[in-house]
Amino acid sequence: MLATQQANLDARPLCHMPLDLLRVVYIVSQAFRVLLPANMKGLVSICCLVSLLSLATPEEEELLDSILRDRSHIEETLRLAALDTSGDYAAALQRLRKIYHNSIRPMEQAYKYNELRQHEISDGEITSKPMVLFLGPWSVGKSSMINYLLGLRDTPYQLYTGAEPTTSEFTVIMHGEKIRSVEGIVMAADSSRSFSPLEKFGQNFLEKLIGIEMPHKLLERVTFVDTPGIIENRKQQERGYPFNDVCQWFIDRADLIFVVFDPTKLDVGLELEMLFRQLKGRESQIRIILNKADSLATQDLMRVYGALFWSLAPLINVTEPPRVYVSSFWPYDYAADTSRELFKREEISLLEDLNQVIENRLENKIAFIRQHGIRVRIHGLLVDRYVQTFKEKMSFFSDPELVFKEIVDDPDKFYIFKSILAKTNVSKFDLPNRDAYRDFFGINPVSSFKQLSAQCSYIGGCLLDKIERAITADLPGLLSSINSGKNPTLSSCEATGCGEKPKNRYRRGN
């Protein structure tokens, strides 16, 4: 404590130096900050920058800009000046929305799929922009990275940053006609947004949810979500809301997940382990970021890079680990005598990764709805099989509760799941957990469901036929029409011909 106070006292006179001398001190501090004591790292630079910002004349502000990093490559890599195609994008989304409501949602409601998966798709989610989620320990530079990508330095709405834990809210940064903040309770009440399901986490959480709207080219195409940093010595209950459940909600809907680390904070605790368990199955969306890389010498950075993989290896059990980006994401220039070219290339690679998500946003949305439709179809087939087996086993003297308990406790005895695998386009890897149906039917009596053969009408057709047509023809046709540049407002058969086999964007070499 005494050493920290002494360090602060020693650094305080720097803020009263002449500007010419301050510039020299700043450059020297950048060159030698690796050698500074831990409690003084960044203190000299921050003090000098504050003094420069508050005292500089217009001529001196030009010199200050030389300390800042050039941001022109961000706009170039993300193609922010490209021709706006929002009209075609909106038309395709409306077509997608129509397919979902006409062909998938009826079966979803008839067999209460949302009570099995707890994931209800709203119109706001269908029409929402791609979501980029920032996760990681406290004070690793998540908010600074968002400020840098959006160019929010010295604006009223730049996210607050600091060495201490600064972000206690879930902050959604999205596009708007003017700069304004939106309270969480308002975001949840607005059905046109994709955040209305967050009401289920309670009012305490909504008080920790805030939205920031601003006119920005990048935000016209993507939405950023900043999250509270993980603090290992704090119990989850002290947050006042189910933090892990809220994180899972955002993880399930994120198109890209940046997990940010600081070279000085590589310890893996219980809360971080829980976070990576929640990321299971989303490895293709995860990108690891080793931020503040210019605060270390090259040799030390190599050691830290290896230590990061060593710490994360038990948590990411996949053959192909996530991509790791090593750079320093903030508006100021890289420290002297560091791998500047490497950091610049890494930053551009990350921007290209982000641009890929933006470019493929419509294809990803269609693929997501189709995947959802496949799960709803399998659920409907399973419930139909349970109902059919129950009716076959019932007799005049049978006890309905005992009969169905035997079926639901041992579905393999009655070939419930094996019979579904005989159906077309059903993979064993897509089958839900058997135990989930014991809970599902505990809430929803089997007698409350009709068989699929009875779910037909003269005008609307059959539920099974409609969802299968959406999975095999309508959604692939819409995807094919987009890839071929045809008008997505046409029906799938008019645009591509129902007999045409769509490209599988998940198949390598396709």
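Residues numbered from 1 in each chain as written. Predicted model: local features only at pLDDT ≥ 70, side-chain atom pairs only at ≥ 80, totals over all residues. Heavy atoms only, no water.

Q: Can you help me understand the sheet that holds strand 8 (residues 323-326) in this one?
A: Sheet strands line up and pair through hydrogen bonds in the backbone, either parallel or antiparallel. The strand order across the open sheet formed by eight strands is 3-4-2-5-1-6-7-8, and the pairing between neighbours is mixed. Edge positions in the open sheet fall to strand 3 (180-183) and strand 8, since each of these has one partner strand only. Mean inter-strand twist for the sheet, computed between neighbouring axes without regard to direction, equals 20°. Relative to strand 8, strand 7 (residues 286-290) is paired through four bridges, and the arrangement is parallel. The residue bridging L290 from the neighbouring strand is V326, located in strand 8. Against the sheet, helix 12 (residues 243-253) makes contact with strand 1 (131-135), strand 2 (170-175), strand 5 (223-226) and strand 6 (256-261), and its axis sits at roughly 145° relative to strand 1, the strand it touches most. Along the sheet face, helix 15 (residues 340-359) touches strand 1, strand 5, strand 6, strand 7 and strand 8 and points at about 135° away from the line of strand 8. (Pairing = 2+ DSSP bridges. Helix = DSSP H or I, 4+ residues; strand = E, 2+ residues; numbered from the N terminus. Axes fitted to C-alpha atoms, helices over the stretch in contact; angles between N-to-C directions. Contact = heavy atoms within 4.5 Å.)

Q: Help me understand the environment of S139, please; the structure alone is not making it clear to me.
A: With respect to the helices and strands, S139 occurs in the loop between strand 1 and helix 9 (142-150). Sequence spacing of S139 and K265 is 126 residues, and the spatial spacing of their C-alpha atoms is 9.1 Å.

Q: I keep staring at the state of the cysteines and nothing clicks. Help me out?
A: Two cysteines form a disulfide when their sulfur atoms are joined by a covalent bond. Per the counting criterion, the structure on display carries one disulfide. With its sulfur 2.0 Å from that of its partner, C456 forms a disulfide with C462. As the torsion about the S-S bond is roughly 115°, the C456-C462 disulfide counts as right-handed. Judged by relative accessible area, C462 falls into the partly exposed class, the value being 23%. (Disulfide = S-S within 2.5 Å. Buried < 20%, exposed > 50% of the residue type's maximum accessible area, 1.4 Å probe, protein only.)

Q: Please explain the pairing of strand 2 as it appears in this structure.
A: The side chains of a regular strand alternate, residue by residue, between the two faces of the sheet. Across the six residues that make up strand 2, a large majority, five, are buried. Examined bridge by bridge, strand 2 and strand 4 (residues 209-214) share six bridges and lie parallel to one another. Of the residues in strand 4, the one forming a bridge with M174 is E213. Judged from the three bridges that link them, strand 2 and strand 5 form a sheet pairing that is antiparallel. Across the sheet, the residue bridging to V172 is V225, located in strand 5.

Q: Can you help me understand the pattern of salt bridges in this one?
A: A side chain with one charge can pair with a side chain of the opposite charge if their charged atoms come near. Per the counting criterion, the structure on display carries 18 salt bridges. D300 is the partner of R303 in a salt bridge, and the nearest nitrogen-oxygen pair spans 2.9 Å. In this pair, R303 and D300 are both assigned in helix 14 (residues 298-312), three residues apart and thus about one turn of the helix distant. Put simply, E468 and R377 hold a salt bridge, and the shortest N to O gap is 3.0 Å. Remark: R377 occurs in helix 16 (residues 361-393) and E468 occurs in helix 20 (residues 463-483); sequence separation between them is 91 residues. The exposure class of E468 is partly exposed, given its relative accessible area of 27%. In this structure R377 comes out as buried when scored by relative accessible area, which is 6%. Each of R180, D190, R193 and E213 takes part in one network of salt bridges that share partners. (Salt bridge = Lys/Arg side-chain N within 4 Å of Asp/Glu carboxyl O.)

Geometry only, nothing functional implied.
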